[in-house]
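# Architecture and fold: a report
What follows is each chain in one-letter form.
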Amino acid sequence: MFRSALLAALSVSVTVVTAVSSQAYTWKNVKIGGGGGFVPNIVFNPSQKGLAFARTDIGGAYKLNSDDSWTPLLDFADDARWNYWGVDAIATDPVDPNRLYLTTGMYTNSWDPNNGQILISTDQGKTFTPSALPFKVGGNMPGRGMGERLAIDPNSHNILLFGARSGKGLWKSTDYGASWTQIKNFPSVGTYIPDPTDTSGYNSDIMGLSWVTFDTTSGSSGKATPRIFVGVANKGSDNVFVSNDAGSTWSAVAGQNNTFIPHKGVLSVAEKALYVSYSDGAGPYDGTSGSVWKYSIANSTWTDITPVSGGDLYFGFGGVAVDVQRPGTIMVAALNSWWPDGQIFRSTDGGATWTGLWAWESYPTLNRFYTYDDTLAPWIGPDRTITDLTMQIGWMMEGLSIDPFDSNHWLYGTGETIYGGHDLLKWDSGDTRNVTLKSLADGVEETSVQGLISPPSGPHLISAIGDVDGFVHNDLDKAPSVSFSNPTYSSSSDIDYAGNKPSTIVRVGTTTDGSQGKQVAISSDSGATWYVSQDYGAPDGVAGGKIAISADGDTILWKTSSNGIMVSQYTNPFSAVSSLPASAAIASDKRNNSIFYGADGSKFYVSTDGGKTFAAQGTLGTSTSPSKVIVHPNVTGDVWVSTDKGLFHSTNMGSSFAAISGVTQAWAIALGAPKTAGGYPALFAAANIGGVGYFRSDDAGANWVKINDAAHGFGSASANCLAADLRTYGRVYIGTNGRGIFYGDASGAAPAPTATLTSTIVSSTSATSTIVSSTSATSAPASSTTTVRTTSTASSAPAPTSSAAPIFGQCGGIGWTGATTCASMFCLLCSTEGEG
Ligand SMILES: *[C@@H]1O[C@H](CO)[C@@H](O)[C@H](O)[C@H]1NC(C)=O
Ligand SMILES: *[C@@H]1O[C@H](CO)[C@@H](O)[C@H](O)[C@H]1NC(C)=O
Ligand SMILES: *[C@@H]1O[C@H](CO)[C@@H](O)[C@H](O)[C@H]1NC(C)=O
Ligand SMILES: *[C@@H]1O[C@H](CO)[C@@H](O)[C@H](O)[C@H]1NC(C)=O
Ligand SMILES: *[C@@H]1O[C@H](CO)[C@@H](O)[C@H](O)[C@H]1NC(C)=O
């Protein structure tokens, strides 16, 4: 009882009704072009000419346009629906091409707490209705290139089958995907696990079923298709199963060779054959051996049609395509031929003989039977040289398709892009074959953005990006011609500019094995060229994390991924900074050359000696994990910190902080050009302000407008980064985890600051907050969203600020030593909490 009473006394529940107005914004991708990430599969609809979809592992799905460009379909996915961007399977309806199904969910381990869902569209992906699944889906898990795991019965298109991961088995819907039940007598849920010892769960889950293929040569329209093939990720035990009675009973297909894992099962209707590609791993990165088999359905005979053997067979097989207009014309991709390049094989005689996209003339001379065209993404091609990788054709090639209406049109997905062309039949002219291999990922923006800067002069945007290093974005609407080079890192994890010398920038790479040199690089010409002298100061084997450069560009503070915080001045060797915790968020002052900042837990730290030593300053309320520290570009000591408990502002070098009222959580934050000359910079935040979204404040956090809309969710808020343009008021750049970079400009009038607040305070009976009553907000504009939320007030309060609390700011309470004159119309905290 006493404990309860004490908790009740300490905890007060507050019902806040906040009206945050919206301002219309125009959102566009910053064009990088060329995708920038893994495209596990591309699926053509067999009935409607030109209809095709591509799926990605972290950036949603896309629809193909007639001009070869792609339109994203899942940009509405917001923080709550971030796992929609992991697309593990696509099915496009052969009977009603308007129907499209996506199986979505990101991880089957703890990284994604959510179950998966089937997204159902009846308008080719313009809109979707989710159908919840009772298990997780692994759009970004190992084995994500196998499939498709989801298939529509071509004779009775209300029927769908889905082959699940994680030992969940085979599932069936008979109502167009709305509800699902398990086919319990399906003989195998899968046994293959890439690495049973992986404690993260990422590589230790059962891969499960790998593909489902209806045999359209069996059955007739209007009745469930009797013959169905299903592949299962088993190695060394039965792994291709068949039903001949529409899924009532199942058996292993006789005569199969189950040495390797079946990745694809593609039907050739005209040949009445099933082509199966196999690899010795689940993919997408692995595969050191494999095979390709053809199963003749008419006489139940398997034939090994593996294109290469002996020493030439050092990879598994992924993508398989059949040309439905040319029976016997088939193609298969080496899943990963890391050297000398990726490889694709084509046969016009059902697999009896094959030709490749390249062949050794006489070692080491290579004949490439294609012309490379990277005009849509010039940075992706031969201009790009990764220290240990000079591949054009690609890797992770699980998705390979020939347009069912056009034998010349083909597309395939790689670990980095979509390639293909419109003159595929040129392949069939023997040793003079010369097809065009073109980057065809225009519109696919799949990068995982790690850092963005918008310096006050020079290029408006420079990025640090996972897997493709990063770019100077001289033209936001045009694919860059080059990515960062010399040094080229496979990934950059952060970037910063020197406030007093904005053309001096620093970036950090993520490779620890030495193959890409030392992992800190400096540019003094805004990223056009980089110099390596900084390399001398960087220790071997240390990489990643976050980086901050002093205002004069002389000193670099580095929060490494695994070696704590380090600092280097004048390119001298980095030394450890023991007075700042390894997990701290870091930043440099943009004006004073010797000042750096850090935030960790509820503590804020300042260094005035060029990052050598830090001392704790004011506190950040009850925060436990600060996300970002940003600094006013013109004013020393004017800093903002976003945390799990809100947004905090200091104008006195972090001696004290004001908690910004109404902001309950914040992640990426940025300061940009002020609305009026001389005014406070526009403040942008990925935050929870009566709901998670993207917000702008023109008055240092007193009033906010929401700037994203229902069509632009930007996925996981905590994974994203922001930069605000320092020269164009209102412009913000959002770097996403899988959908590239967006830039937004205000397109609608800014609403007058109409956000109003009415609060009711009620003592709760336990530590758990309870809404007892709430009063309504004063009338909000039509465009606003009104959200009710509850907050428990902190018992330890932010440090004092100036005498007047901001509007809606805390103005009293236990431990509160700040202003007690409330700026808002009601001050309920002041009186009630004092009773504690
Ligand atoms: C099964 O496949 C493996 C790998 O391709 C091969 O070594 C083996 O000879 C095959 N077995 C039969 C019976 O064909
Ligand atoms: C099975 O049928 C296929 C396709 O008609 C044919 O190529 C193959 O020779 C047949 N195999 C046997 C053993 O009859
Ligand atoms: C291949 O075709 C392109 C034009 O499409 C041409 O520029 C190139 O010279 C040709 N290569 C060979 C080896 O014939
Ligand atoms: C920069 O900050 C340090 C430490 O607070 C101070 O001593 C120095 O005077 C400042 N430099 C300038 C140019 O304001
Ligand atoms: C910084 O100061 C310059 C010069 O007064 C001004 O043009 C610019 O808008 C200021 N930047 C911000 C973000 O306030």
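Look a little higher up for the structure.
Residues numbered from 1 in each chain as written. Chains lettered and ligands numbered in written order. Predicted model: local features only at pLDDT ≥ 70, side-chain atom pairs only at ≥ 80, totals over all residues. Heavy atoms only, no water.

## Focus on the sheet that holds strand S45 (residues 603-607)
Taken in spatial order, the four strands make up an open sheet running S43-S44-S45-S46, and their pairing is antiparallel. Here the strands that pair on one side only, and so sit at the sheet edges, are strand S43 (585-588) and strand S46 (615-619). Across this sheet, the average inter-strand angle for adjacent strands is 25°, counted without regard to direction. In this structure, S45 lies alongside S46, joined through three bridges in antiparallel fashion. From the neighbouring strand, Lys603 faces S46, where its bridge partner is Thr619. (Pairing = 2+ DSSP bridges. Helix = DSSP H or I, 4+ residues; strand = E, 2+ residues; numbered from the N terminus. Axes fitted to C-alpha atoms, helices over the stretch in contact; angles between N-to-C directions.)

## Remarks on the pairing of strand S49 (residues 646-650)
For S49, the tally of buried residues reaches five of five residues, placing the bulk of the element in the interior. Relative to S49, strand S48 (residues 639-643) is paired through five bridges, and the arrangement is antiparallel. For Thr643, the partnering residue across the bridge sits in S49 and is Gly646. Turn length for the S48-S49 hairpin, with the two strands adjacent in sequence and antiparallel, is two residues. (Buried < 20%, exposed > 50% of the residue type's maximum accessible area, 1.4 Å probe, protein only.)

## Description of the nonpolar core
Judged by nonpolar contacts, the single largest core of 36 residues is most densely connected at Ile344 and Trp410. Counting only elements with at least two residues in this core, the list comes to strand S24 (330-334), strand S29 (370-373), strand S30 (399-402), strand S31 (410-413), strand S33 (435-439), strand S34 (448-453), strand S55 (721-724) and strand S57 (741-746). (Core = buried A, V, L, I, M, F, W, Y, C linked by side-chain atoms within 4.5 Å.)

## What about a nonpolar patch on the surface?
Residues Tyr285, Trp338, Trp339, Trp360 and Tyr363 make up a contiguous nonpolar surface patch of roughly 630 Å² in combined accessible area. Topologically, Trp338 is positioned in the loop between S24 and strand S25 (344-347). Residue Trp338 is classed as partly exposed on the basis of its relative accessible area, which comes to 37%. (Patch = residues over 30% accessible without salt bridge, like charges linked within 9 Å, V, L, I, M, F, W, Y side chains within 5 Å. Areas by Shrake-Rupley, 256 points an atom, 1.4 Å probe, with all protein chains shown as cover. Salt bridge = Lys/Arg side-chain N within 4 Å of Asp/Glu carboxyl O.)

## Overview of the packing of aromatic side chains
Geometry of an aromatic ring pair is reported as the spacing of the ring centres plus the angle between the planes. With the rule as written, the count across this model stands at 35 aromatic pairs. Considering the side-chain rings of Trp111 and Tyr202, the 5.2 Å spacing of their centres and the 15° angle between planes classify their relative orientation as stacked. Note that Trp111 is positioned in the loop between strand S8 (100-104) and strand S9 (117-121) and Tyr202 in the loop between strand S14 (181-182) and strand S15 (209-214), a separation of 91 residues in sequence. Residue classification places Tyr202 among the buried positions, given a relative accessible area of 16%. With 5.1 Å between their ring centres and 75° between their planes, Tyr694 and Phe714 make a pair best called edge-to-face. Here Phe714 lies in the loop between strand S54 (705-706) and S55 and Tyr694 lies in strand S53 (residues 692-697), a separation of 20 residues in the sequence. Assigned by exposure class, Tyr694 and Phe714 land together as buried. An aromatic cluster of at least three residues, connected via ring pairs, comprises Tyr25, Trp27, Tyr694, Phe714 and Phe742. Above the plane of the ring of Trp530 lies Arg507, whose end atom (NZ or CZ) is 4.2 Å from the centre. (Phe/Tyr/Trp six-rings, centres within 6.5 Å; stacked < 30°, edge-to-face > 60°. Lys NZ or Arg CZ within 6 Å of the ring centre and 35° of its normal.)

## Some remarks on the site of ligand 5
The full set of residues close to ligand 5 is Pro633, Asn634, Gly672, Pro674, Pro681 and Leu726. Interatomic distance of 2.2 Å between a side-chain N/O atom of Asn634 and an oxygen atom of ligand 5. For ligand 5, whose unbound accessible area comes to 360 Å², protein coverage reaches 50%. (Near = heavy atom within 4 Å. Polar contact = N/O pair within 3.5 Å; in protein donor to acceptor, adjacent residues only side chain to side chain.)

## Quick word on the environment of Gly748
Inspection of the secondary structure puts Gly748 in the loop between S57 and strand S58 (757-763). Along the sequence, Gly748 and Thr26 sit 722 residues apart, while their C-alpha atoms lie 8.8 Å from each other. Excluding anything up to four places from it in sequence, Gly748 contacts Gln23 and Ala24. (Contact = heavy atoms within 4.5 Å.)

## What about the sheet that holds S14?
Judged by pairing direction, the sheet is antiparallel, and its four strands sit side by side in the order S11-S12-S13-S14 without closing on themselves. What marks the edges here is a single partner per strand, and that holds for strand S11 (150-152) and S14. Strand direction decides the pairing type here: strand S13 (residues 170-173) and S14, joined by two bridges, are antiparallel. Paired with Lys172 across the bridge in S14 is Thr181.

## Some points on the side chain of Gln117
With respect to the element layout, Gln117 can be found in strand S9. A residue is classified by how much of its surface remains accessible, and Gln117, at 9% relative accessible area, is buried. There is a polar contact of 2.9 Å between the side chain of Gln117 and the side chain of Asn83. When neighbours within four sequence positions are excluded, Gln117 is seen to be in contact with Asn83, Tyr84, Leu102, Thr103, Thr104, Gly105, Ser131, Ala132 and Leu133.

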